[in-house]
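Read off the chains here:
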Amino acid sequence: MPKTYDPASTEPRLIQDWIEGGCYQRSKGVGDCTVVIPPPNVTGMLHMGHAMDDTIQDTLVRFNRMRGVSTRWILGTDHAGIATQTKVDKHLKEQGISRLEIGRERFVDACQDWRREYGGIIVEQIKRMGCSIDFADEKFTMSPEYARAVRKVFCDWYHAGLIYRGKRIVNWCPSCTTAISDDEAEYRDEPSHLWHLRYPLAEPVDGIDYITVATTRPETMLGDTGVAVSPEDPEKAKLVGHTVMLPIVNREIPIFSDWHVDKDFGTGFVKVTPAHDPNDFAMGAAHDLPQINVFDEHAVVVPGYGEFSGMDRDQAREAIVDWFDEHGLLDHIEDIEHSVMHCYRCDSALEPWLSEQWFVAVDKLKGPATKVVEDGEVTFYPERWKQTYLTWMENLKDWCISRQLWWGHRIPVYYCDDCGWEDALMEDVDTCPSCGGHHVRQDEDVLDTWFSSQLWTFATQGWPERPEEMEGHHPTTVLVTARDIIALWVARMIMSSLYFTHEVPFHDVFIYATILAKDGSRMSKSKGNGVDPMQLIDTYGADAMRFNLLTLVTNNQDVRFDAVTAKDGTITSARTDASRAFVTKIWNASRFVLMNMEGYTPGPAEAATPEDAWMLSRLAKMVGRATSDIEAYDLGDYARSLQTFFWNDLCDWYIELCKGRLLHGAAEERLQVQRNLAFVLDSSLRLLHPVMPFVTEAIWDAMPASGLDGEPHDGRFLMQAAWPDPASVSPFENDGAEHDFEIARRVVELVRSARARYRLSPKEELDVCVKVSADDAAVIESQASFVRGVGRVGSLEVGQDVAKPEGSVSFVDAGMELYVVLGGLVDLAGERARLEKELAASRKDLAGVERTLANPGFVAKAAPQVIEAKKARQADLATTIAQLEAQISDLG
RNA sequence: GGGCGAUUGGCUCAGGGGUAGAGCACAUCCUUCACACGGAUGGGGUCGCUGGUUCAAAUCCAGCAUCGCCCACCA
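Reading the values: rules and limits
Residues numbered from 1 in each chain as written. Chains lettered and ligands numbered in written order. Predicted model: local features only at pLDDT ≥ 70, side-chain atom pairs only at ≥ 80, totals over all residues. Heavy atoms only, no water. pLDDT = per-residue confidence, 0-100. Near = heavy atom within 4 Å. Polar contact = N/O pair within 3.5 Å; in protein donor to acceptor, adjacent residues only side chain to side chain. Helix = DSSP H or I, 4+ residues; strand = E, 2+ residues; numbered from the N terminus. Nonpolar A, V, L, I, M, F, W, Y, C, P; charged D, E, K, R; others polar. Phe/Tyr/Trp six-rings, centres within 6.5 Å; stacked < 30°, edge-to-face > 60°. Buried < 20%, exposed > 50% of the residue type's maximum accessible area, 1.4 Å probe, protein only. Lys NZ or Arg CZ within 6 Å of the ring centre and 35° of its normal. Pairing = 2+ DSSP bridges. Axes fitted to C-alpha atoms, helices over the stretch in contact; angles between N-to-C directions.

Peer 1: Explain the confidence of the model for chain A here, please?
Peer 2: Regions with low pLDDT carry predicted coordinates that are not meant to be interpreted in detail. With 98% of its residues at a pLDDT of at least 70, chain A reaches an overall mean of 88. Scored by ipTM, the complex comes to 0.93, with pTM at 0.87.

Peer 1: Is there a simple way to explain the protein's contact with RNA strand B in this structure?
Peer 2: If you check the shell around RNA strand B, you find 60 residues, and the closest are Ala214, Asn279, Ser339, Arg560 and Lys861. Among the atoms of RNA strand B lying within 4 Å of the protein, the sugar-phosphate backbone contributes 65%. A distance of 2.7 Å is found between a base oxygen of RNA strand B and a side-chain nitrogen or oxygen belonging to Lys585. At twelve residues, the largest contribution of residues to the surface near RNA strand B is made by helix α16 (residues 574–595). Classifying every residue of the surface near RNA strand B by side-chain character gives 21 nonpolar, 13 polar and 26 charged.

Peer 1: Mind showing me how you'd approach the packing of aromatic side chains here?
Peer 2: The description of two aromatic rings rests on the distance between their centres and on the angle between their planes. Here the structure, examined in full by the defined rule, presents 34 aromatic pairs. Taking the centre distance of 6.0 Å and the plane angle of 15° together, the rings of Phe582 and Trp647 count as stacked. Of this pair, Phe582 sits in helix α16 while Trp647 sits in helix α18 (residues 635–664), placing them 65 residues apart in sequence. By relative accessible area, Phe582 is classed as buried at 0%. Looking at Trp647, the relative accessible area reads 25%, which means it is partly exposed. A connected cluster of aromatic rings, assembled from ring pairs, spans Phe154, Trp157, Tyr158, Trp358, Trp399, Phe451, Phe458, Trp463, Tyr499 and Phe500. Between Arg115 and the ring centre of Phe140, over which it is positioned, the NZ or CZ distance is 3.9 Å. Sitting above the plane of the Phe811 ring, Arg834 keeps its charged end 4.5 Å from the centroid.

Peer 1: It is not clear to me how the sheet that holds strand β17 (residues 413–416) should be interpreted in this structure. Could you clarify?
Peer 2: In sheet architecture, strand pairing relies on hydrogen bonds along the backbone and comes in two forms, parallel and antiparallel. Ordered by their spatial adjacency, three strands build an open sheet running β18-β17-β19, and the pairing between neighbours is antiparallel. Looking along the sheet, the strands with just one partner apiece sit at the ends: β18 (422–424) and β19 (440–442). The average angle at which neighbouring strand axes cross in this sheet is 25°, direction not considered. Sheet topology note: the β17/β19 ladder contains three bridges and is antiparallel.

Printed below as a string of structure tokens:
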């Protein structure tokens, strides 16, 4: 093995080997683990959220593959309608090309080119992360096969009456000239004004000849068809039933009362514009008011409004306010904070606009989709997201699915201009099936991107034409995704899957923490606080990034990622750096083991020494813990506990303890150590593999067979090797051995502490005496070689009646008194100070324990084990205090 | 407005009714033949605030504060 591990050269080679070895394709086995990747948009590059998502999925898939479960991880990308169209539009604009000039067909071709390029990049990035997903079988939400599935869904729902066309207020983006769904719109508070406008009454009432309405949208007054007041506003009740004469347009409109109105806001009079406000639309519908659209698709005032026609909404606002002012009808202007909806793509202010749209009626879909989550057929991890889902489902309104875009699935509805026939069809037509006429046209709109991605779990698996492909792989096992698309995507997948496949799309939904920038804000391009996962991989290697990400998988909603990108573009992340150090540690420890394998033949691990028994016990518990952690999606604990195990137990102690036998031991002894090390290392690599596939695979390739399965590795990959079986290693669990080891380890630590305090050379052997109970003395004696070797101890005297030697420093710890002989170097004042500090701490602890024990309530109500533990602690502390006092007085 | 989460050492985070943890950073020592991306030894925190439940609260509950996210709404 090379002295240093180089991720940059190793990772690409392994990816190639794995793919050539067919390791990424679906595996056969017992049970099923099918996962669909949340398809990234073809618009861009992988970001940290994807890196997190894909690392989690890969860890789960690799784990299951190793466990012998049949795995299938499905790759694909999303055409991402608006997002892609906007990017391509911009791209073309830079070349001086307008999409309107080149037309729909050529524009869609340009989108396809874009998708091939960027879809390819993102797939390469997924590959580079080490994701063991089937790259040979890539799906796309606009592939011909997928398009047929989308079309079938539309047609079936259309014919079942679940899809209908209707006039609705939609959030219209005048710049993208498309409707934006509520879920895609972004609200932002902005300083604005509340204009108080006077509307003259048609006939004065009790001497009042005008009322004042307050509005943030004066330009929409051209479309006003009523004025509303609150039913709880007695002062204004007398005006209800009267009319006002709308200025400028001279339209006589009624005053009515409606619960939408808050009597304490503004003036208590609300101008009602059904065509330009969702609430007004609702009020208008309830009170039978006309809907008058005053804007065209670009938010320009339509003809018929004199000087105002042809103005855009901003110009119109100014002109109309001026008009009111000139005519003495502008009461006053008030400054307010006002939240304005913006297009999530182009950031233009959205216009509530009345238009013809397609909708999915959700009434019949939401019931079943609610039930499966309530019943636990679909389980959310962490559990709290269940409530988020249910609340959203409860408040669900019909879903506007039409988009006025060119890039997307075109709505398969055909109209005959000759006879008025209309239908949704699976095949294109140019002749009217009803009248035989040739004036048949297809609907111009395309479908909301989520309409196609809601089919992702089954349309990627042969539905509807090859249902056999789904057998055993649907419902999928787990969906790993971000919390912000629980409503947009997760819920819709559940609804459509239940309808079309009669089963849930997945059993588990795992929601990971949102990755925030170091300052706690969302990573965003505009803020420039984002971190590029590819750059992290360049700097630290994919394993280090993956490991760090997995340690951040906790119950939290969001986590801060500590990486910072400097002005010169270099990236630093303390935690990823530490993860890289762990990768290096794994490499070096393995290198040491493999450098000392001469004469090795595979054979079973055995607890030949106390430290062997300890190590094998620790390993057995680690296997159990790693397995149950991953099964419970507790991936952060899986990663962190493995790191502690490998670094602290295996490297810091066991390998050090093996050196004596390995380098100088007799042949038989040596062979057993080799077998134990091979067993522990092999097991550890397998446990680590799901999160750190590269370094573990690279090492495994160089390793001989271990006692774990006895098979030589030639031509085999670790990623296809068996996950260690918790049941078969559990006989190694040995609490007694662990306890004994702790005692010996403590002796070594105390010797080291003395050495550090007196700055003694690590080469120099120290003489040590330990005064302990007879039982513990035997325990230490049995591990004398370990204590001598690792502690660099010369003579070691252990017993009940050991006396403190001349010129030694003493330690008191848990019933143990330990003396390290220094030979006249003792710093009496320093020792006294140290012992007194410990004494003070012990006394304080004892006082606390005694206070608890003196509490009658505690003795009466606490669990017996707790009381026992307290009493034992009391005894220990009392002994320690007595010993410390004796030592201090001994110092003179 | 509704909901959710966070608040633990300088930083990023675990933990979670009964002796406060890790990594990084810091201090001292060590280039001993796996590893200086290392080893050893240390210093450092009344677990946001106020109440409550309990024999016992950093941990459970309530309120508050601050930060963040989601949903809804705003004439």
